[in-house]
Amino acid sequence: MTDVTNDDHARAAELTDGDIEKQAAVLRDAMVEKIAIRHQALGLVLPAEVEQAMRTVPRHLFTGDVDLQAAYEDTAVVTKLNERGASMSSVSAPWLQAVMLGQAGLKPGDRVLEVGSGGYNAALIREVVGPMGSVTTIDIDPEVTDRAQRFLADAGYGDVEVICADAEFEIEPPRTFNAIIITVGSWDVPPAWPSQLAEGGKLVVPLRTWGMTRSWVLEHQGGALVSRDRQVCGFVAMQGVGAHKGTATPLLDADSDHTVGLWRDEKDTVDAAALSGVLDLPRVEVWTGIKVGAGIRYSDQDLWLATTLPGFSLITASQKALDDGIVALPWQYGTPAFVDGPNLAYRPKPRPIDRDVFEFGAFAHGPQAEQSARRLADQIDAWNLAGRPEPRLSVHPAGTPDDELPDGHVLDKVHTRLVISWPPAR
């Protein structure tokens, strides 16, 4: 594997407009090298068959009007916006598509269902499963499926079946698949997905729990779906019957120059009146002594906190609120927090204590801020003492009695009861 530099883009730019396919090939190879490097950083291996597919499929034929350079950046390309400017459809980031294809463990001859149609991912799948396999892609938006069908045909993948329908329900005619890959953010697992999954098959689904999305690999086991792997990800939200909206609670006045709020994605609510003015109260800081190295992922800690802290939320903020120190978050889009009556605690950006070593902390505001901060810090400590464990997810039909569920934290959805379990401390 070679290092990727701007030389690849320069070499592509030197080719004339008549050499579009040669330019695309150079950029495509550079994109794949970046993906392989990113896989290494994530502790993953890019499967050879997925790598070959990504070196083969002309992504620029699926990205609409963006220029050739942009078509081969390792980022998502938005292809449709709603009236508020929010993304409704996109060609996902190639690194994430490669991760999910690897999670699915596809092999030649497999029958694959993709939920969410951009065209490019379906073409990648088609390359991997080969002429003896089959690919069906489904989307609720006719504009999206029309575009996907047109792009697939133009790129030479006209044998991919494109269906316009709500994937909440089984497709017609009924059939089963060796793999089902969901490429939209899903709040629940409708019965249609496990019923269409062949025995021994894999469901790869970006499932939202407490507002946090993980791409889970699920397999049939004893009447449930049980996880084999998970990766952090983000996707455009599901539309149709399976759509779900979370609840935003502002923590500052609407006329403030700053925006800070709480996001909750499940049924419980926040008493906004009790939190009025909470950020105006002094901030209590507790540092845990628990450390993490630079570049080491700790996203499983987020799920640990969600399963151990009542009143769990995600705290979000505008960049101006971060820059002005209103809250000390690592980024804008969602950091673990919890609400205890009039008190708010959250995990701030880890502070540097040595070269490439950082320490976790807990910040809190409110009448009992010290108590709340220490409660959050205690759970970070508990996660560390447990050996920084990996979560296990099992998905059970709604109505499954409590005594038939495995030990763990139960999260009730519409169609399912999710159980997140943690292995015993080592």
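These remarks concern the structure in this document. (Residues numbered from 1 in each chain as written. Predicted model: local features only at pLDDT ≥ 70, side-chain atom pairs only at ≥ 80, totals over all residues. Heavy atoms only, no water.)

### Let's talk about the sheet that holds strand S6 (residues 177-182)
- Spatial ordering of the open sheet is given by S5-S4-S3-S6-S7-S8-S9-S18-S20-S19, a layout of 10 strands whose pairing is mixed. Edge positions in the open sheet fall to strand S5 (161-164) and strand S19 (409-412), since each of these has one partner strand only. The sheet shows a mean angle of 25° between the axes of neighbouring strands, taken without regard to direction.
- When S6 meets strand S7 (residues 197-209), the two strands line up parallel, connected through four bridges. Directly across from Phe177, in S7, lies its bridge partner Leu197.
- Together, S6, S7, strand S8 (212-221) and strand S9 (224-232) form the strand contacts of helix H5 (residues 94-104), whose direction differs from that of S7 by roughly 145°. (Pairing = 2+ DSSP bridges. Helix = DSSP H or I, 4+ residues; strand = E, 2+ residues; numbered from the N terminus. Axes fitted to C-alpha atoms, helices over the stretch in contact; angles between N-to-C directions. Contact = heavy atoms within 4.5 Å.)

### Comments concerning the environment of Ala179
- Of note, Ala179 is situated in strand S6.
- It is 27 Å that separates the C-alpha atoms of Ala179 and Gly408, two residues lying 229 residues apart in sequence.
- Those residues in contact with Ala179 that sit more than four places away from it in its chain are Ala104, Leu106, Arg111, Val112, Leu113, Leu197 and Lys202.

### Thoughts on helix H3 (residues 48-56)
- When H3 is considered as a whole, its buried residues turn out to be Val50, Ala53 and Met54. All buried residues of H3 fall inside an arc of 95° around its axis, so they share one side.
- Packed against the buried residues of H3 are helix H2 (20-41), H5 and helix H6 (120-129). (Buried < 20%, exposed > 50% of the residue type's maximum accessible area, 1.4 Å probe, protein only. Arc of directions from axis to C-beta.)

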